[in-house]
Amino acid sequence: MGGEGAMMAAIHSLRNNKSLRSKRKDKSFGFVSNSNEKTEYDLPKATPEKLEEIKR
């Protein structure tokens, strides 16, 4: 049958892409995706007067 070589090339290409995908996952930004710590913010309460001042 014809086309076995093309199919084998496709299988190898998919296998190589799959191995590259797993390596790429390890290089993610740790401070964005792997942060389990909850950051506490001390934000001031917004009053209607302050909001009106910000709008202007």
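The rules behind these values
Residues numbered from 1 in each chain as written. Predicted model: local features only at pLDDT ≥ 70, side-chain atom pairs only at ≥ 80, totals over all residues. Heavy atoms only, no water. Helix = DSSP H or I, 4+ residues; strand = E, 2+ residues; numbered from the N terminus. Areas by Shrake-Rupley, 256 points an atom, 1.4 Å probe, with all protein chains shown as cover. pLDDT = per-residue confidence, 0-100. Patch = residues over 30% accessible without salt bridge, like charges linked within 9 Å, V, L, I, M, F, W, Y side chains within 5 Å. Salt bridge = Lys/Arg side-chain N within 4 Å of Asp/Glu carboxyl O. Buried < 20%, exposed > 50% of the residue type's maximum accessible area, 1.4 Å probe, protein only.

### As for the overall build of the protein
Part 1: The helix and strand inventory of the protein stands at 3 helices and 0 strands.
Part 2: Helices and strands in the protein line up, N terminus first, as α-α-α.
Part 3: In the structure as shown, the protein presents an accessible area of about 6200 Å², 57% of it carried by carbon and sulfur atoms.

### Regarding the confidence of the model for the protein
Part 1: For the protein, per-residue confidence averages 77 on the pLDDT scale, and 64% of positions sit at 70 or higher.
Part 2: Within the protein, helix 2 (residues 30–33) has the poorest average pLDDT of any element, 54, and helix 3 (residues 48–55) the best, 91.

### Concerning a nonpolar patch on the surface
Part 1: On the surface, Met7, Met8 and Ile11 cluster together into a nonpolar patch covering about 290 Å² of accessible area.
Part 2: Of note, Ile11 is situated in helix 1 (residues 4–26).
Part 3: A relative accessible area of 36% places Ile11 in the partly exposed class.

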